[in-house]
Structure formats: C-alpha cells, structure tokens
Amino acid sequence: MNCSRFRSGVTIVALALLLGGCATTGLNGQAEVPPMHSIEEFRGQRFAEVADPWEGFNRSMYRFNYTIDKHLLIPVVNGYEFVTPTFLQERISGFFSNLGEIRNFTNSLFQLKGMESVTTLGRFVTNSTVGLGGMFDPAAGFGMKRHNQDFGRTLGYWGVDSGPYLVLPFFGPSSLRDAGGLVVDNAVRYGIYSAVDPFAASGNSFAIAAGISTLEVIDERHKQSFRYHESGYPFEYYFVRFLVHEKREIESGRHDPSE
Amino acid sequence: MKYLKSLLLVCFILFPLSAHSADADYGYPIPGSHEATILGTPADLIPPFPAQTNTSQLVLEVIPGRIRPAVFYYDEGLRITFAYQTKPAPLIFLIAGAGAGDRSAKNMTMMKAFHQAGFHVISLPSPSNANFIISASQSSVPGDLTEDAADLYRVMDVVWKRVAGDIEVTSFHLCGYSLGATQAAFVAKLDDERRLFNFRRVLMINPSVNLYNSVTRIEELMQQISGGSRNQGNFFNKILSKFSQFYRYGNYVAINDDFLYAIYSERLFSRKETAGLIGLTYRINLAGMIFASDVMTNSGYVVAKNRVLNYTDPLFDYFLVSCNLSFFDYINEYLYPYFRTQRPGLTKQAFIDSLSLRSIEKYLKSSTKFGVMTNENDFIVTRAELDYLRELFGERTRIYPRGGHLGNLEYKENLTYMVDFFKESL
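Residues numbered from 1 in each chain as written. Chains lettered and ligands numbered in written order. Predicted model: local features only at pLDDT ≥ 70, side-chain atom pairs only at ≥ 80, totals over all residues.

1. Focus: the overall build of chain A
We apply this condition: Helix numbering and strand numbering both begin at the N terminus, where a helix is a DSSP run of H or I of at least 4 residues and a strand a DSSP run of E of at least 2. By the convention adopted here, residues make contact when the C-beta atoms placed from their backbones lie within 7 Å.
A count of helices and strands for chain A gives nine helices and two strands. Put simply, chain A runs from its N terminus to its C terminus through helices and strands in the order α-α-α-α-α-α-β-β-α-α-α. Intrachain contacts of chain A at a sequence separation of at least 6 include 64% that bridge at least 24 residues.

2. Observations regarding the overall build of chain B
We count it as follows: Two things to know: the radius of gyration comes from C-alpha atoms, and the globule rule equals 2.2 Å times the number of residues to the power 0.38. Burial is judged by counting other C-beta atoms within 10 Å of a residue's own C-beta: 20 or more means buried, 12 or fewer means exposed, and anything between counts as partly exposed, with every C-beta placed from the backbone.
Within chain B one finds 16 helices and eight strands. In terms of overall dimensions, chain B is globule-like: its C-alpha atoms have a radius of gyration of 21 Å, near the 22 Å expected for 426 residues. The buried share among the 426 residues of chain B stands at 47%. At a minimum sequence separation of 6, the contacts of chain B that also span at least 24 residues come to 77%.

3. Focus: the nonpolar core
Here is the rule we go by: In these notes, a nonpolar core means any group of buried Ala, Val, Leu, Ile, Met, Phe, Trp, Tyr and Cys residues linked to one another through C-beta atoms within 7 Å.
Counting residues in each nonpolar core, the largest one holds 129 residues, and the members touching the most others are B:Ile92, B:Leu94, B:Leu124, B:Ala184, B:Met204 and B:Ile290. What B:Met204 contacts, discounting residues up to four positions off in sequence, is B:Gly176, B:Ala181, B:Ala184, B:Ala185, B:Phe370 and B:Val372.

4. Thoughts on the packing of helix α3 (residues 86-110) of chain A against helix α7 (residues 176-196) of chain A
Residue and element names in this part refer to chain A. For clarity, the threshold we go by: Helix axes are fitted only over the stretch in contact, all axes being lines through C-alpha atoms; the angle between N-to-C directions runs from 0 to 180 degrees. Comment on the angle field: the value is read as roughly parallel under 35 degrees, roughly antiparallel over 145, roughly perpendicular from 65 to 115, and oblique elsewhere. Handedness of a crossing follows from how the near helix is turned relative to the far one, being left-handed for an anticlockwise turn of less than a right angle and right-handed for a clockwise one.
At a closest axis distance of 10 Å, the pairing of α3 and α7 adopts a crossing angle of 110 degrees. Judged on the interaxial angle alone, α7 and α3 are roughly perpendicular. Here α3 and α7 pass one another in a crossing that is right-handed. The residues of α7 that touch α3, namely those facing Ile102, Arg103 and Thr106, are Asp185, Val188, Arg189 and Ile192.

5. Some remarks on the confidence of the model for chain A
Residues and elements named next belong to chain A. What counts here: pLDDT gives the predictor's per-residue confidence on a scale running from 0 to 100.
Looking at chain A, the pLDDT average stands at 86 and 88% of residues meet or exceed 70. Mean pLDDT across the secondary structure elements of chain A bottoms out at helix α1 (residues 3-22), with 46, and peaks at strand β1 (residues 165-168), with 97. Every residue in residues 1-7 is under pLDDT 50, and counting partners more than four places away or in other chains gives zero contacts. The model gives residues 255-259 a pLDDT under 50, and that stretch makes 11 contacts with residues more than four places away or in other chains.

6. Remarks on helix α12 (residues 327-342) of chain B
We count it as follows: Working definition for bend: take the seven residues up to and ending at a residue and the seven starting at it, fit an axis to each, and measure the angle between the axes.
The sharpest bend along α12(B) measures roughly 35 degrees and falls at B:Tyr336, with the proline B:Pro337 sitting one to four residues further on. Where the residues of α12(B) are buried, they touch α7 (211-223) and α10 (271-297) of chain B.

7. A closer look at the interface of chain A and chain B
This is how it is decided: Throughout, the ten residues Ala, Val, Leu, Ile, Met, Phe, Trp, Tyr, Cys and Pro are labelled nonpolar, Asp, Glu, Lys and Arg are labelled charged, and all others, Gly among them, are labelled polar.
Every contact between the two is made by 48 residues of chain A and, on the other side, 52 residues of chain B. Residue assignment for the side of chain A that touches chain B shows that the elements contributing at least two residues are α2 (55-83) and α9 (236-251) of chain A. In terms of residue class, the side of chain A that touches chain B is made up of 19 nonpolar, 18 polar and 11 charged.

8. Notes on the environment of B:Thr281
All names here are of chain B. Following the sequence through the fold, Thr281 ends up in helix α10. Residue Thr281 is classed as partly exposed on the basis of its C-beta count, with 18 C-beta atoms lying within 10 Å. Spatially, the C-alpha atom of Thr281 lies 9.7 Å from that of Met222, the residues being 59 residues apart in sequence.

9. Looking at the sheet that holds strand β4 (residues 120-124) of chain B
Residues and elements named next belong to chain B. Here is the rule we go by: Strands were regarded as paired on the criterion that DSSP finds at least two bridges between them.
Across the sheet, eight strands lie side by side as β1-β2-β4-β3-β5-β6-β7-β8; this open sheet has mixed pairing. Each having just a single partner strand, β1 (55-60) and β8 (397-400) make up the two edges of the open sheet. For this sheet, the mean angle separating the axes of adjacent strands, direction not counted, is 20 degrees. Summarising the sheet, strand β2 (residues 78-83) and β4 pair through three bridges and their orientation is antiparallel. Its bridge partner being in β4, Thr81 is matched across the sheet by Ser123.

10. Overview of the packing of helix α3 (residues 105-116) of chain B against helix α16 (residues 412-423) of chain B
Residue and element names in this part refer to chain B. One can describe the packing of α3 onto α16 by two numbers: an axis separation of 10 Å at closest approach and a directional angle of 55 degrees. Comparing their axes, α16 and α3 come out oblique. Relative to α16, the crossing made by α3 is right-handed. For the pair formed by α3 and α16, the contact residues are Met110, Ala113 and Phe114 on the first element and Leu415, Met418 and Val419 on the second. Residues of the contact of α3 with α16, tallied by class, amount to six nonpolar, no polar and no charged.

11. Focus on the pairing of β2(B)
On any regular strand, side chains alternate: one points to one face of the sheet, the next to the other face. All names here are of chain B. With six of six residues buried, β2 lies mostly within the body of the structure. Relative to β2, β1 runs antiparallel, the two sharing six bridges. The partner of Val59 across the bridge, within β2, is Arg79.

12. Re the pairing of β4(B)
All names here are of chain B. Rules: Orienting the strands away from the viewer, one traces the path from the first strand over the helix to the second; a clockwise path indicates a right-handed crossover.
Most of β4 sits out of view: five of its five residues are buried. The side-chain alternation of β4 yields two buried faces, one formed by His120, Ile122 and Leu124 and the other by Val121 and Ser123. Relative to β4, strand β3 (residues 89-95) runs parallel, the two being bridged by five bridges. Each bridged residue has a counterpart across the sheet, and for Phe93 the counterpart in β4 is Ile122. A crossover links β3 with its parallel partner β4, the connecting element being α3, and its sense is right-handed.

13. What about the confidence of the model for chain B?
Residues and elements named next belong to chain B. Counting all residues, the mean pLDDT for chain B is 90, and 93% of those residues have values of 70 or more. Here residues 1-5 is modelled with pLDDT under 50, and outside its nearest four sequence neighbours on either side it reaches eight contacts, counting other chains as well. Confidence drops under a pLDDT of 50 for residues 7-22, and excluding neighbours within four residues, the segment shows 41 contacts in the predicted structure. Here the prediction assigns the complex a pTM of 0.89, and the interface score ipTM is 0.88.

14. Quick word on the environment of A:Thr106
Tracing the chain through its elements places A:Thr106 in helix α3. Taking the C-alpha atoms as reference points, A:Thr106 and A:Tyr193, separated by 87 residues in sequence, lie 14 Å from one another.

15. Some words on unusual backbone geometry
Of note, the phi angle at A:Leu132 is positive, near 50 degrees, even though the residue is not glycine. Taking the number of C-beta atoms within 10 Å as the measure of exposure, A:Leu132 has 14 and is therefore partly exposed. Located in the positive-phi region is B:Ser140, a residue other than glycine, with phi close to 60 degrees. Residue position: B:Ser140 is located in the loop between α4 (130-135) and α5 (145-163).

16. Comments concerning α2(A)
Residue and element names in this part refer to chain A. Which entries qualify depends on this criterion: By definition here, a helix of n residues has an expected span of 1.5 Å times n minus one.
Spanning 29 residues, α2 covers 39 Å between terminal C-alpha atoms, matching the ideal 42 Å at 1.5 Å per step. Among all positions in α2, only Glu55, Asn58 and Tyr62 are buried. On the buried face of α2, the contacting elements are β1 and α9.

Laid out in structure tokens, this is it:
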C-alpha cells in the first residue's frame, strides 16, 4: 500500500473541505448574507426539543418512509380499502389487535403488574373464544379495558431512558430504547409462534404465515391515518418528533420537564 | 398514528363549564370561547357520514416552471381534494382557514356534509399554507387579500379545467372559513369581473372583518402568558409538565378520550393558560408560513440570504426563531415592506385598510349572494364588527350564541345550516 499517496489524498480532501468552509457561497454562487432574525436573539426560549444527535440520518429515513408510503404502502392500502367491505376491515383489525394482546400480556408480566396481566389475559381468552378469534371485542363489554404494552415501555418502566430519537425505515418514528424493544417483542412473538406452530398440519405453514404477515402490515397502515408530509408544514419533522417522544414519555410515566 | 391526533388534542385541552346559556334551543354544549375553539365539537355531536365517498386528491402544476427548493422535496405541486357526484350537480369550492391544507379536518367534514347533500366539492388549501406558498402563489408572499384572491382564482381555473371533462356542473358556489371566509369575499368580487364561474352563493364562516384587528386579538391572547409572548418557551414547558403530572397521578390507561375529558372536567388549565395556548398555536402556524415564504423569496428574513437548504439540513433553529416572531413583526418587517416596493406610495395605514371587508363594502352590500355564519363569542371579531356584519348582510347573517372561533363548525345543526344555505338557491 502506498502510504504517502494516501496521505496526500487526505490532505487534498481536507484542504478542499477547509476552503469550502471559508467561502460560504450559496444560491448561484452568491455570498450568504445573515438574516434579519437569528437564533442568537432568542436564547433561553427553547421548547419542544428532543435529543436527536442522528438528525441527518433520521431525516433521510423520514424521506425514505415518505417515498415508500407514497409509491407502495398507501396505494396498497387504498386498494385494500376499496375492495374490502368496512365490516370485514374491522374484523381483520380486531383479529390482529387480539394477537397484540400477547405482547401486552408478556410485558405487563415483565412489569410485575398483576391485575393488568390478569385483565389482559382475560381479554385475550374471552375475545379469542366468544369474540371469534378477536374479530369482536366482547371483553370490553365486560369491563375489561385494553392496556397497550410493549417492551420499550417495559424498559421505560424499569428506568431505562428513551435514548436518542430514531426514525426507523418502514416502522417510522421511534427511539433507541423502543427500537430495541421492538426487536425483543418480535423475538418473543416468533418464539411463541414457533412453539405453537398453528399451521403445521396444513403442510403450507410458510406460505400461510407469509400471507398473514402481509395482511397484518396492510392492516397496520390502514389503521394509521398519519401520512408523511400531508400537513405541508415545513417543520413537520419536529412536530412529529416531539409528539411521538412526549407520548412515549408520558405513557411510560417518566416525563416531568420541571424536574 | 391516531395517537398523534389525541396528543394534539391534549395539548389544546381546557376546562369545563357545563353548558347552560340563555339560548336554550341551541345544542352546542361548550359555552366558553377559548374552550370551544380548542375542543371543537364532541365526536357524538358530529353527524355520521358514509365511510366511503368518491374522492381523489389531485396535484396541480399551477405555475408552470415553478422551481421548488430541495428542502421542500415533498412538494410536487398544489394539492387539492375533490369529491364528485356521478350525475350533474352543483359544485362548491371550499377555502381552508389560516395555515390549513386541503385535508384540514374542518374542510373534510364540510366536504362530507356537502357531498352527502348532493354537491361536487373541491377543497383548496389556504393561501397561507406552505403548499400554496410554494406551488400556487405568484409572489410567494401571503397576506394581501387582493393578491391572495387572484392566486385562489387562478387555482380554481386550473382545477376546473382539469376536472371539467369528468363531471357535469349545474352551478358554482363558494365557501370559506376564518381567513378563507374573508378571502372568499374577495374571490367573489374578482369573479364578478371575470365571470368564469358566476358564483351563485358565497358562505363566509367565522370571517375576519379586518385582518389587522383579528391579528391584534390573537396577539392579545399571547400577552396573557405570564412574562409575555417572549416567555412562550417556558410557558409551553410548564403546560406540558402540568398534563404529564396529571396523567401520572391519575392512573389512566392511555392518552384517550377518558383522559381528555378528565383534563377538561378537572379544570387543569386556567383561563390565561388557555388563551396562551391558542395564541401559541397561531404562532406555530405562522412560523410555517414565514419560513416557507422566506425560503421561496430568498428575502433573508429568518434564513440567510442566498443559503441553499438541503433536505437533511437541521431546521429547528428556524422553527424557534419563526415561532418567536409575532404577526406584527411579519406585517411590519416583511409583508408591508414587500408591498411598498410593489406599490410605491403605499402608506402603512392604507395597507392595513386594504386588509378589510370594508375596502369592498360597496360591492358586498350590492350583492345578495353572500351569507355569514359566525358566533357571538368569536374572539377574532369585536362586538362592533359583528354589528357591521349584520348591517352588511342583513338577514343572511346567522350568529350563534356560542362556539368561539370555529368550535361549532362541525356541529350537526351548523352543518345543516350550511347545506341549506346552498340548497335553497338551487
């Protein structure tokens, strides 16, 4: 390896960067002029901030999700909504919500919440049987309220900080902690699924599972009315970041800005 | 992300006073002006609509060759939403309120109500919405009623050319709320000169009589923040802390309707705090408009002149700076100077006077196509301005006893009134 050539290459790049940094030229090569109002005027007035050291990456992912949504997911969801009667859509949503009770249950256990675990288990049993596999929700009628839980919240409950904001491809806005939680929840789910293997007898286990997973993704997007950049608001990224972060903080009972 | 909406609601939730007012016939339940404005209409008092309607979103190239900076990569043209009938029908253009897009919740509810009643509906964003500033405004400087009306009229022309082959229209109508209502009056005036549509009926919902006066009202709300508008950051953090503590100690299962109702019924926030919240919401809205306009015109107002922003560049400082600017700052430092260069000799007072229905009152009085629907306790108009509306439009003025600013727009009785207003002209 020719070391000196490598080094001179680095020098040239560094020089170029330095020079580029010196001359702040902008639009059509014209020099930048400082704006009438800048942040120096308003020090000490910051609000709605969230730790976001990977903002460049996150904004790229935000854009990626916008593109995937626009060209793939939303057209598919639109097609799904067009061909599927509303009644059927609701039954499908119910079915997947009921499967989600497994995640709610394991995590209320992880948080040692006795009553909540019993309620969630009761919901799952009731809705899986009387509610025809979760298509209906008779448990709510019996006063059993749904408690959404996930491993990210379990970590938060035991004192783990949310960590930096993170926009995941496909899954959307999250945090380092919640992204880890998502991995754990899916691992637990996969473990349970493999142990039960409900379609083993069919001989077509993989194809059926793949079909169901696809439907789940469609149902998931169908249930969320959020559309990337629909607001047109130039600061939408920050708005979403703040709301997502704050909701997670509040619901895991951790946040108090005055502390 | 349904929870986003819920959380937004939480952000703007207030305290209750169970409804009891002189006007016993009117069923809208929230008596306070600020509370009604923030809470809107309770879900069970909004009429049900069919789950599916014939709608589509169109993206229009309104100004051919318009160059859009990379930071607005998602803006590919003006977005409008269109709900159509499959048989000949009258068509209503809807103009959204300050900052709102074509899919704003209020426009969508009105669209469903009108569509259900047999109208074609075309929903347009407000000229103060970033999408409009970027893709449909000739100057990209929103705020002048005459120019905004000209931009809107051009958009209507473009949309109509696009859909004319697909639908049959028997007559044209116009409807707008808040800033969109005031703009509707100016659009109607322009149409009387150009005669593209010959609008038969024009409904103005919670209009501003004079934009400068309304803006003054809104800035007064901001002043109720302790320490004044300059203290908005601390105010915001305090509000946030209040409701997260309320959640923590209240043993709620989720941020849902139960939780929202509890905040309302426990009077978590004071009157001054609700005022501050409304003011701050307007400021956050205005921030988007200022930034979009500044980038489009390269004026060097909050972004350095000649700076090229990329889609990964951080914008948070621009957000904070823009939120700290008031409507007065925008008018004095940006809007008025721009129009003074366009119209030499324009004085500040003459400019402010032009931002008013009074500047076209002769026309408004002479026409019978207008109707107004607003509320006794709408904070963007004064008592004198309400009287002025009554004087201008006579019996075509409907003033409800409560509802604040737009709070009762989705209430069933109000929607029925709107539909009937257009129907009786057919």
